[in-house]
Amino acid sequence: MGVLTALVTGSTSGIGREVAMGLLEEGYTVLVTGRRHELLESFLAEARSKKGKAISHAADLSTDEGIRSLIRKVREELPRVDILVNNAGGLVFAPIEKLTDKDYETLMSVNLRAPFLLSQAILPGMKERGSGLIVNISSVAGTEAWAGSSLYSMTKFALRGLTGSLLAEGAPHGVKAFAICPGYVATPMVSGAPVPEAEMIQTSDILKTIRYVRDLSPYAVSPEILLNRLGAFS
Ligand SMILES: NC(=O)c1ccc[n+]([C@@H]2O[C@H](COP(=O)([O-])OP(=O)(O)OC[C@H]3O[C@@H](n4cnc5c(N)ncnc54)[C@H](OP(=O)(O)O)[C@@H]3O)[C@@H](O)[C@H]2O)c1
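Summarised in this report is the structure supplied together with it.

Each value, and the rule that gives it
- Residues numbered from 1 in each chain as written.
- Predicted model: local features only at pLDDT ≥ 70, side-chain atom pairs only at ≥ 80, totals over all residues.
- Heavy atoms only, no water.
- Helix = DSSP H or I, 4+ residues; strand = E, 2+ residues; numbered from the N terminus.
- Rg over C-alpha atoms; globule rule 2.2 N^0.38 Å.
- Contact = heavy atoms within 4.5 Å.
- Areas by Shrake-Rupley, 256 points an atom, 1.4 Å probe, with all protein chains shown as cover.
- Lys, Arg positive; Asp, Glu negative; His and termini not counted.
- Charge placed at Lys NZ, Arg CZ, Asp CG, Glu CD.
- Axes fitted to C-alpha atoms, helices over the stretch in contact; angles between N-to-C directions.
- Parallel < 35°, antiparallel > 145°, perpendicular 65-115°, else oblique.
- Nonpolar A, V, L, I, M, F, W, Y, C, P; charged D, E, K, R; others polar.
- Buried < 20%, exposed > 50% of the residue type's maximum accessible area, 1.4 Å probe, protein only.
- Pairing = 2+ DSSP bridges.
- Right-handed = clockwise from strand over helix to strand, strands pointing away.
- Near = heavy atom within 4 Å.
- Polar contact = N/O pair within 3.5 Å; in protein donor to acceptor, adjacent residues only side chain to side chain.

1. Digging into the overall build of the protein
Piece 1. When its secondary structure is counted, the protein shows six helices and seven strands.
Piece 2. A globule of 234 residues ought to have a C-alpha radius of gyration of about 17 Å, and the protein, at 17 Å, matches this closely.
Piece 3. Counted over contacts in the protein with a minimum sequence separation of 6, partners at least 24 positions apart contribute 67%.
Piece 4. Total accessible area on the protein stands at roughly 11,200 Å², and carbon and sulfur atoms take up 55% of it.
Piece 5. The distance from the centre of the 24 positive side-chain charges to the centre of the 24 negative ones in the protein is 4 Å.

Here it is as C-alpha coordinates:
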(Lines give C-alpha, C1' and ligand atoms only; values in the text may rest on other atoms or scores of the structure.)
Protein backbone atom coordinates (compact mmCIF):
# COMPACT_ATOMS: atom_id res chain seq x y z
CA MET A 1 0.00 0.00 0.00
CA GLY A 2 1.28 3.50 -0.82
CA VAL A 3 1.01 6.60 1.31
CA LEU A 4 -2.19 6.80 3.35
CA THR A 5 -4.31 9.89 2.96
CA ALA A 6 -6.95 11.71 5.00
CA LEU A 7 -9.29 14.65 4.73
CA VAL A 8 -10.08 16.30 8.06
CA THR A 9 -12.56 19.15 7.90
CA GLY A 10 -12.36 21.90 10.49
CA SER A 11 -8.66 21.30 10.98
CA THR A 12 -7.71 24.90 11.81
CA SER A 13 -8.72 24.43 15.45
CA GLY A 14 -9.67 22.11 18.30
CA ILE A 15 -10.52 18.47 17.55
CA GLY A 16 -9.82 18.66 13.82
CA ARG A 17 -6.38 20.18 14.31
CA GLU A 18 -5.42 17.48 16.82
CA VAL A 19 -6.67 14.67 14.59
CA ALA A 20 -5.02 16.06 11.44
CA MET A 21 -1.70 16.57 13.24
CA GLY A 22 -1.88 13.07 14.75
CA LEU A 23 -2.42 11.49 11.33
CA LEU A 24 0.47 13.55 9.90
CA GLU A 25 2.71 12.23 12.67
CA GLU A 26 1.90 8.72 11.45
CA GLY A 27 2.92 9.64 7.91
CA TYR A 28 -0.46 10.32 6.31
CA THR A 29 -0.87 12.92 3.61
CA VAL A 30 -3.58 15.12 5.12
CA LEU A 31 -5.77 17.70 3.44
CA VAL A 32 -6.53 20.33 6.06
CA THR A 33 -9.30 22.85 5.68
CA GLY A 34 -11.19 25.66 7.36
CA ARG A 35 -11.98 29.29 6.62
CA ARG A 36 -9.08 30.94 8.46
CA HIS A 37 -6.10 31.28 6.14
CA GLU A 38 -3.67 32.32 8.89
CA LEU A 39 -4.45 29.16 10.89
CA LEU A 40 -4.00 26.99 7.80
CA GLU A 41 -0.60 28.66 7.28
CA SER A 42 0.44 28.00 10.88
CA PHE A 43 -0.72 24.39 10.54
CA LEU A 44 1.46 23.98 7.43
CA ALA A 45 4.44 25.51 9.25
CA GLU A 46 4.10 23.07 12.16
CA ALA A 47 3.47 20.17 9.76
CA ARG A 48 6.91 20.60 8.15
CA SER A 49 8.55 18.77 11.05
CA LYS A 50 6.13 15.83 10.83
CA LYS A 51 6.46 12.58 8.92
CA GLY A 52 3.53 13.10 6.57
CA LYS A 53 2.61 15.86 4.15
CA ALA A 54 -0.05 18.52 4.70
CA ILE A 55 -2.00 20.18 1.92
CA SER A 56 -4.35 23.03 2.74
CA HIS A 57 -7.47 24.42 1.18
CA ALA A 58 -9.46 27.35 2.57
CA ALA A 59 -13.20 26.84 2.18
CA ASP A 60 -16.36 28.09 3.83
CA LEU A 61 -18.56 25.02 4.24
CA SER A 62 -21.62 27.16 4.93
CA THR A 63 -21.75 27.82 1.19
CA ASP A 64 -22.43 25.42 -1.63
CA GLU A 65 -19.43 26.78 -3.55
CA GLY A 66 -17.19 26.25 -0.52
CA ILE A 67 -18.19 22.60 -0.27
CA ARG A 68 -17.84 22.08 -4.04
CA SER A 69 -14.40 23.73 -4.08
CA LEU A 70 -13.24 21.34 -1.34
CA ILE A 71 -14.51 18.35 -3.32
CA ARG A 72 -12.62 19.63 -6.39
CA LYS A 73 -9.47 19.99 -4.28
CA VAL A 74 -9.84 16.42 -2.99
CA ARG A 75 -10.14 15.14 -6.57
CA GLU A 76 -7.06 17.12 -7.66
CA GLU A 77 -4.78 16.38 -4.71
CA LEU A 78 -5.69 13.04 -3.16
CA PRO A 79 -5.45 9.99 -5.40
CA ARG A 80 -7.64 8.25 -2.86
CA VAL A 81 -8.98 9.06 0.61
CA ASP A 82 -8.35 6.45 3.30
CA ILE A 83 -9.95 8.41 6.14
CA LEU A 84 -12.57 11.13 5.91
CA VAL A 85 -13.22 12.97 9.16
CA ASN A 86 -16.34 15.10 8.97
CA ASN A 87 -15.47 17.32 11.91
CA ALA A 88 -16.13 20.96 10.94
CA GLY A 89 -19.08 22.25 12.86
CA GLY A 90 -20.77 25.28 14.26
CA LEU A 91 -22.71 25.64 17.50
CA VAL A 92 -25.65 27.93 18.19
CA PHE A 93 -27.36 27.40 21.50
CA ALA A 94 -30.52 29.51 21.97
CA PRO A 95 -34.27 29.18 22.50
CA ILE A 96 -35.95 28.33 19.22
CA GLU A 97 -37.62 31.74 18.89
CA LYS A 98 -34.21 33.41 18.98
CA LEU A 99 -32.73 31.36 16.14
CA THR A 100 -32.51 33.11 12.78
CA ASP A 101 -32.85 31.83 9.22
CA LYS A 102 -29.12 32.45 8.87
CA ASP A 103 -28.37 30.28 11.92
CA TYR A 104 -30.46 27.55 10.34
CA GLU A 105 -28.82 27.78 6.90
CA THR A 106 -25.31 27.93 8.34
CA LEU A 107 -25.62 25.02 10.77
CA MET A 108 -27.49 22.80 8.33
CA SER A 109 -24.80 23.45 5.72
CA VAL A 110 -21.63 23.11 7.83
CA ASN A 111 -22.83 20.37 10.19
CA LEU A 112 -24.83 18.29 7.72
CA ARG A 113 -24.74 19.27 4.06
CA ALA A 114 -20.93 19.23 3.98
CA PRO A 115 -20.64 15.75 5.56
CA PHE A 116 -23.36 14.48 3.22
CA LEU A 117 -21.74 15.84 0.03
CA LEU A 118 -18.20 14.89 1.06
CA SER A 119 -19.32 11.35 1.89
CA GLN A 120 -21.19 11.18 -1.42
CA ALA A 121 -18.00 12.22 -3.23
CA ILE A 122 -15.61 9.99 -1.30
CA LEU A 123 -17.47 6.77 -0.39
CA PRO A 124 -17.62 5.41 -3.98
CA GLY A 125 -13.80 5.39 -4.28
CA MET A 126 -13.48 3.66 -0.90
CA LYS A 127 -15.99 1.02 -2.00
CA GLU A 128 -14.10 0.45 -5.24
CA ARG A 129 -10.83 -0.04 -3.35
CA GLY A 130 -12.47 -2.19 -0.69
CA SER A 131 -11.27 -0.11 2.27
CA GLY A 132 -11.75 3.22 4.01
CA LEU A 133 -13.07 4.87 7.13
CA ILE A 134 -15.54 7.72 7.51
CA VAL A 135 -15.68 9.37 10.93
CA ASN A 136 -18.49 11.75 11.75
CA ILE A 137 -18.11 13.98 14.79
CA SER A 138 -21.57 14.11 16.33
CA SER A 139 -22.12 15.03 19.99
CA VAL A 140 -23.94 14.02 23.15
CA ALA A 141 -26.35 16.65 21.81
CA GLY A 142 -26.94 14.17 18.99
CA THR A 143 -28.19 11.62 21.53
CA GLU A 144 -30.29 13.86 23.74
CA ALA A 145 -31.72 17.36 23.41
CA TRP A 146 -32.05 20.18 25.91
CA ALA A 147 -33.64 23.62 26.03
CA GLY A 148 -31.66 25.70 23.56
CA SER A 149 -30.14 22.80 21.63
CA SER A 150 -32.86 22.41 18.95
CA LEU A 151 -30.87 23.38 15.88
CA TYR A 152 -27.55 21.93 17.01
CA SER A 153 -29.21 18.69 18.17
CA MET A 154 -31.11 18.39 14.88
CA THR A 155 -27.84 18.43 12.98
CA LYS A 156 -26.04 16.07 15.35
CA PHE A 157 -28.90 13.54 15.54
CA ALA A 158 -29.09 13.61 11.73
CA LEU A 159 -25.35 13.05 11.42
CA ARG A 160 -25.83 9.76 13.26
CA GLY A 161 -28.49 8.84 10.71
CA LEU A 162 -26.09 9.58 7.89
CA THR A 163 -23.42 7.48 9.64
CA GLY A 164 -25.73 4.46 9.89
CA SER A 165 -26.43 4.49 6.17
CA LEU A 166 -22.78 5.04 5.24
CA LEU A 167 -21.86 2.02 7.32
CA ALA A 168 -24.63 -0.10 5.80
CA GLU A 169 -23.61 0.91 2.26
CA GLY A 170 -19.89 0.64 2.90
CA ALA A 171 -19.75 -2.56 4.96
CA PRO A 172 -20.27 -5.04 2.09
CA HIS A 173 -17.22 -3.41 0.45
CA GLY A 174 -14.96 -3.35 3.52
CA VAL A 175 -15.61 0.34 4.28
CA LYS A 176 -16.35 1.42 7.85
CA ALA A 177 -18.17 4.47 9.19
CA PHE A 178 -18.69 5.50 12.76
CA ALA A 179 -19.84 8.45 14.80
CA ILE A 180 -18.25 9.84 17.94
CA CYS A 181 -20.66 11.57 20.33
CA PRO A 182 -18.58 13.53 22.84
CA GLY A 183 -19.61 15.67 25.76
CA TYR A 184 -17.61 18.84 26.44
CA VAL A 185 -14.23 18.69 24.67
CA ALA A 186 -11.65 21.32 25.62
CA THR A 187 -11.66 23.50 22.49
CA PRO A 188 -12.47 27.14 21.69
CA MET A 189 -16.04 26.08 20.79
CA VAL A 190 -16.95 25.63 24.45
CA SER A 191 -14.62 28.20 26.01
CA GLY A 192 -17.59 29.79 27.80
CA ALA A 193 -18.82 26.51 29.32
CA PRO A 194 -19.29 26.29 33.10
CA VAL A 195 -16.72 23.47 33.36
CA PRO A 196 -12.94 23.88 33.75
CA GLU A 197 -10.97 22.76 30.69
CA ALA A 198 -9.05 20.23 32.75
CA GLU A 199 -12.34 18.48 33.58
CA MET A 200 -13.36 18.22 29.94
CA ILE A 201 -12.63 15.49 27.41
CA GLN A 202 -9.31 16.29 25.71
CA THR A 203 -8.86 16.55 21.95
CA SER A 204 -6.27 13.73 22.26
CA ASP A 205 -9.14 11.46 23.41
CA ILE A 206 -10.87 11.98 20.07
CA LEU A 207 -7.66 11.15 18.19
CA LYS A 208 -7.24 8.00 20.31
CA THR A 209 -10.86 7.00 19.62
CA ILE A 210 -10.35 7.33 15.87
CA ARG A 211 -7.13 5.33 16.02
CA TYR A 212 -8.86 2.66 18.12
CA VAL A 213 -11.64 2.07 15.61
CA ARG A 214 -9.28 2.36 12.64
CA ASP A 215 -6.97 -0.28 14.09
CA LEU A 216 -9.65 -2.89 14.81
CA SER A 217 -9.47 -6.06 12.72
CA PRO A 218 -11.21 -5.87 9.31
CA TYR A 219 -14.57 -7.28 10.42
CA ALA A 220 -14.84 -5.36 13.71
CA VAL A 221 -16.53 -1.99 13.92
CA SER A 222 -18.12 0.23 16.56
CA PRO A 223 -20.86 2.21 14.81
CA GLU A 224 -21.08 4.85 17.55
CA ILE A 225 -18.95 5.83 20.48
CA LEU A 226 -20.43 7.94 23.24
CA LEU A 227 -17.60 9.66 25.07
CA ASN A 228 -18.69 11.64 28.08
CA ARG A 229 -17.04 13.60 30.85
CA LEU A 230 -16.76 11.92 34.20
CA GLY A 231 -18.37 15.03 35.70
CA ALA A 232 -21.52 14.46 33.65
CA PHE A 233 -22.31 11.47 35.89
CA SER A 234 -21.90 13.08 39.30
N1 LIG B 1 -15.95 21.04 21.82
C2 LIG B 1 -16.98 20.30 22.23
O3 LIG B 1 -17.37 20.31 23.41
C4 LIG B 1 -17.68 19.40 21.26
C5 LIG B 1 -18.51 18.40 21.77
C6 LIG B 1 -19.18 17.55 20.88
C7 LIG B 1 -19.00 17.70 19.53
N8 LIG B 1 -18.18 18.71 19.06
C9 LIG B 1 -18.05 18.83 17.61
O10 LIG B 1 -16.69 18.73 17.28
C11 LIG B 1 -16.45 19.38 16.03
C12 LIG B 1 -15.20 20.25 16.13
O13 LIG B 1 -15.44 21.28 17.06
P14 LIG B 1 -14.31 21.84 18.05
O15 LIG B 1 -14.82 21.63 19.40
O16 LIG B 1 -12.99 21.35 17.66
O17 LIG B 1 -14.48 23.41 17.76
P18 LIG B 1 -13.50 24.54 17.19
O19 LIG B 1 -12.20 24.49 17.88
O20 LIG B 1 -14.31 25.78 17.26
O21 LIG B 1 -13.30 24.09 15.68
C22 LIG B 1 -14.32 24.14 14.75
C23 LIG B 1 -13.72 23.88 13.38
O24 LIG B 1 -14.78 23.91 12.41
C25 LIG B 1 -14.42 24.80 11.37
N26 LIG B 1 -15.59 25.49 10.82
C27 LIG B 1 -16.60 26.10 11.51
N28 LIG B 1 -17.43 26.72 10.65
C29 LIG B 1 -16.94 26.49 9.40
C30 LIG B 1 -17.33 26.89 8.09
N31 LIG B 1 -18.39 27.69 7.89
N32 LIG B 1 -16.59 26.48 7.05
C33 LIG B 1 -15.49 25.70 7.23
N34 LIG B 1 -15.07 25.30 8.43
C35 LIG B 1 -15.77 25.70 9.51
C36 LIG B 1 -13.49 25.82 12.03
O37 LIG B 1 -12.62 26.39 11.05
P38 LIG B 1 -12.63 27.95 10.63
O39 LIG B 1 -13.15 28.73 11.79
O40 LIG B 1 -11.20 28.22 10.26
O41 LIG B 1 -13.54 27.99 9.46
C42 LIG B 1 -12.71 24.95 13.00
O43 LIG B 1 -11.59 24.38 12.37
C44 LIG B 1 -17.73 20.14 15.71
O45 LIG B 1 -18.49 19.42 14.77
C46 LIG B 1 -18.47 20.16 17.04
O47 LIG B 1 -19.87 20.25 16.88
C48 LIG B 1 -17.52 19.53 19.89
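After that view of the structure, there is still more to cover.
2. Topic: the packing of helix α4 (residues 101-129) against helix α5 (residues 150-170)
Piece 1. For the pair α4 and α5, the least separation of the axes is 10 Å and the interaxial angle reads 10 degrees. Between α4 and α5, the interaxial angle falls into the category roughly parallel. Between α4 and α5, the residues in contact are Asp103, Tyr104, Leu107, Met108, Asn111, Leu112, Pro115, Phe116, Ser119, Leu123 and Lys127 and Leu151, Tyr152, Met154, Thr155, Lys156, Ala158, Leu159, Leu162, Leu166, Glu169 and Gly170, respectively.
Piece 2. Along the lines of polarity and charge, the residues of the contact of α4 with α5 split into 14 nonpolar, four polar and four charged.

3. Notes on the pairing of strand β4 (residues 83-86)
Successive residues of a regular strand alternate their side chains across the two faces of the sheet.
Piece 1. Going residue by residue along β4, you find Ile83 and Val85 tucked away on one face and Leu84 and Asn86 tucked away on the opposite face as well.
Piece 2. Sheet topology places β4 next to strand β5 (residues 132-137); four bridges connect them, and they run parallel. By the bridge assignment, Val85 is partnered in β5 with Val135.
Piece 3. You can see the chain leave β4, run along α4 and come back into β5, and the turn it takes is right-handed.

4. Observations concerning the site of the ligand
Piece 1. Not every one of the 30 residues close to the ligand is listed here, only the nearest: Thr12, Ser13, Arg35, Tyr152 and Thr187.
Piece 2. At a separation of 2.9 Å, an oxygen atom of the ligand approaches a polar side-chain atom of Arg36.
Piece 3. Expressed as a share of its isolated accessible area of 880 Å², the protein-covered part of the ligand is 94%.
Piece 4. Sorting the residues of the shell around the ligand by element identifies α1 (14-25) and α5 as the ones contributing at least two each.
Piece 5. Of the residues that constitute the shell around the ligand, the class distribution is 13 nonpolar, 13 polar and four charged.

Taken by themselves, the reported measurements are silent on function.
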